[in-house]
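Okay, here's what each chain looks like letter by letter:
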Amino acid sequence: MAEKLKPADMMPGSFGLPFIGQTIGILAKQELFYWQQYQQYGNIFKISLPEAMGYGKCACLIGPEANQLVLKDAADKLSSRLGNRSLEPILSKDLVLLQDGAEHRASRKLILPMFHHQAIASYFDTIQSVVTETVASWGEQGTINLEKEMRKLTLAIAIRTFLGSSKTEEIDRVSQWYVTLLGSLNGMVKWDSPLTFYGRGQAARRNIAEYIRQIIKDRIELGDLEKSKDVIGFLMSVVDEDGNKFTEAQIINQAIGFLFAAHETTSSLMSWLMFELGNRPEWRQKLRAELQQVARNEPLKLQQLRQLPQMSNVLKEGERLYPPAGMSRAVVEDIEYAGYIIPAGWYVLIFPHMTHRMPEIYKDPDAFDPDRFAPPREEDKKYPYSLIGFGGGAHSCIGVEFANMEMKIILSTLLQKYDWTVTPSIDEIAPVRKPFSTQKKLIATFVKIPSSEGIF
């Protein structure tokens, strides 16, 4: 006889205070809040977040089976758009992340060729040029704030490759607007006024939109869109088999969304990889030896990206240890999990950073050990959906190949030019349970490798 399903309200955990739910604990502790709930209640627990933040009652699920349920098996009963509606002021409903069902499939199909290998290859030289120009000053500065400089670098890459902007003043201006727009996510008062975070963010978004609109106008006047080696050109020229094209508004919204998706996770992940490698000279040496064998005394080439297995495993280990904090979906049709029925109207949250540190999957999970991904160990292949830093299922990150190419270019360029250390040290802050606030404290000290020792 089948066991009777229990209502979601009976899950372990607490809804917190009336109206505000668990907001105080989450704001005070950030990711650590969820770690503590996990330690107290296990792989499934309930919380509540206020509707003003775009949520309500939430079921928090942890582990590969939960990830597979949310990202694949029950995906048609869950809404990514409603689950991420707090991002709408930045991204709009046109972005793939904020779409569901047939609309999502149609948009993804239209965009997918932009991130096929051949298209990705066209961005290689631009990315390498931006990286080389940007990191040239890091050795002269000596000491840098890793988060701040890595964010500037990845945003500059995104603006160059997506919008085609090449003038420094234009990149700086768009970057300033974008930082203001991103900061407006923290604004609780949704009043479009210069007096509020939200209002200043919306003003910045309008500036970015007008900038992109002018790019579109200039491209139309020049023609030859098919020869463009940037995302704007692609979005303007792409047509599906039914003759569908993006409207001007859709192009603008997609471009703004790509700026968000292309730099936010990458900058965070690269900051933490620099931290891990800065504290591990043996791994810097391993990667340099591999790079020297593949690239010799030349800058990295496109065809060499797949010849760096140790670097690929380092990127995977960074994804495992420092992924996005959580993924959210709204329940639009009742789903079942672990003996509970989670009703429509609830939200489901899954947590890559906790799945990725489960000792049942990963040996010594808090340790930095890229070799765990090399044969014969390949720990991420024990269970489906046990490594989901770039998502999974129909909503998996469409730009994962772009991100990995970008990170390999950044890492190889830095390894060839510099040696570095990072403070605070691993002994001072590991294991990191609050990465998105802790990374603001990361300070890197760069020393240029003498030409007799280095690649260049």
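Look up a bit, the structure's there.
Described below are features of the structure shown in this document. Quick caveat, the model's predicted, so the values are computed rather than measured.

1. Section: the overall build of the protein
Now for step 1: A count of helical and extended segments in the protein gives 19 helices and 11 strands.
Now for step 2: Relative to its length of 456 residues, the protein is compact, with a C-alpha radius of gyration of 22 Å against a globular reference of 23 Å.
Now for step 3: When its C-alpha atoms are laid out on the principal axes, the protein stretches across 70 × 55 × 45 Å.
Now for step 4: A separation threshold of at least 6 residues defines the contact pool for the protein, and within that pool the share at least 24 residues apart is 71%.
Now for step 5: If you sum the accessible surface of the protein, you get close to 20700 Å²; carbon and sulfur atoms cover 53% of it.
Now for step 6: Averaging the positions of the 52 positive and the 54 negative side-chain charges in the protein gives two centres separated by 2 Å.

2. Some points on the packing of helix 10 (residues 168-183) against helix 11 (residues 197-222)
Now for step 1: Interhelical geometry of helix 10 versus helix 11 gives an angle of 145° and a closest axis separation of 7 Å. As helix 10 runs across helix 11, the sense of the crossing is left-handed. Taken together, the residues of helix 11 that come into contact with helix 10 (itself represented by Glu170, Arg173, Val174, Trp177, Tyr178, Thr180 and Leu181) are Arg200, Gly201, Ala204, Arg205, Asn207, Ile208 and Tyr211.
Now for step 2: Its residues assigned to classes, the contact of helix 10 with helix 11 shows seven nonpolar, three polar and four charged.

3. Some thoughts on unusual backbone geometry
Now for step 1: Backbone torsion omega between threonine 423 and proline 424 reads -5°, so that peptide bond is classified as cis.
Now for step 2: Here proline 424 is to be found in the loop between strand 10 (418-423) and helix 18 (426-429).
Now for step 3: The peptide bond linking alanine 430 to proline 431 adopts the cis configuration, its omega dihedral lying at -5°.
Now for step 4: Structurally, the position occupied by proline 431 is in the loop between helix 18 and helix 19 (435-438).
Now for step 5: Phi angles above zero are rare outside glycine, and glutamine 30 is one such case at about 55°.
Now for step 6: With respect to the helices, strands and loops of the structure, glutamine 30 is situated in the loop between helix 1 (23-29) and helix 2 (31-41).

4. A short note on the nonpolar core
Now for step 1: Within the largest apolar cluster, 97 residues are counted, with the highest numbers of intra-cluster contacts made by Leu163 and Leu411.
Now for step 2: Here this core gets 15 residues from one element, more than from any other, and that element is helix 13 (residues 248-278).
Now for step 3: Leave out the neighbours within four places in its chain, and leucine 163 touches Ala158, Val174, Tyr211, Ile212, Ile215, Arg219, Asp230, Ile232, Ala255 and Leu259.
Now for step 4: Core analysis: the next-biggest nonpolar cluster, separate from the first, contains 22 residues, Tyr34, Leu49, Phe351 and Leu387 among them.

Conventions adopted
Residues numbered from 1 in each chain as written. Predicted model: local features only at pLDDT ≥ 70, side-chain atom pairs only at ≥ 80, totals over all residues. Heavy atoms only, no water. Helix = DSSP H or I, 4+ residues; strand = E, 2+ residues; numbered from the N terminus. Rg over C-alpha atoms; globule rule 2.2 N^0.38 Å. Contact = heavy atoms within 4.5 Å. Areas by Shrake-Rupley, 256 points an atom, 1.4 Å probe, with all protein chains shown as cover. Lys, Arg positive; Asp, Glu negative; His and termini not counted. Charge placed at Lys NZ, Arg CZ, Asp CG, Glu CD. Axes fitted to C-alpha atoms, helices over the stretch in contact; angles between N-to-C directions. Left-handed = near helix turned anticlockwise from the far one by under 90°. Nonpolar A, V, L, I, M, F, W, Y, C, P; charged D, E, K, R; others polar. Core = buried A, V, L, I, M, F, W, Y, C linked by side-chain atoms within 4.5 Å. Buried < 20%, exposed > 50% of the residue type's maximum accessible area, 1.4 Å probe, protein only.

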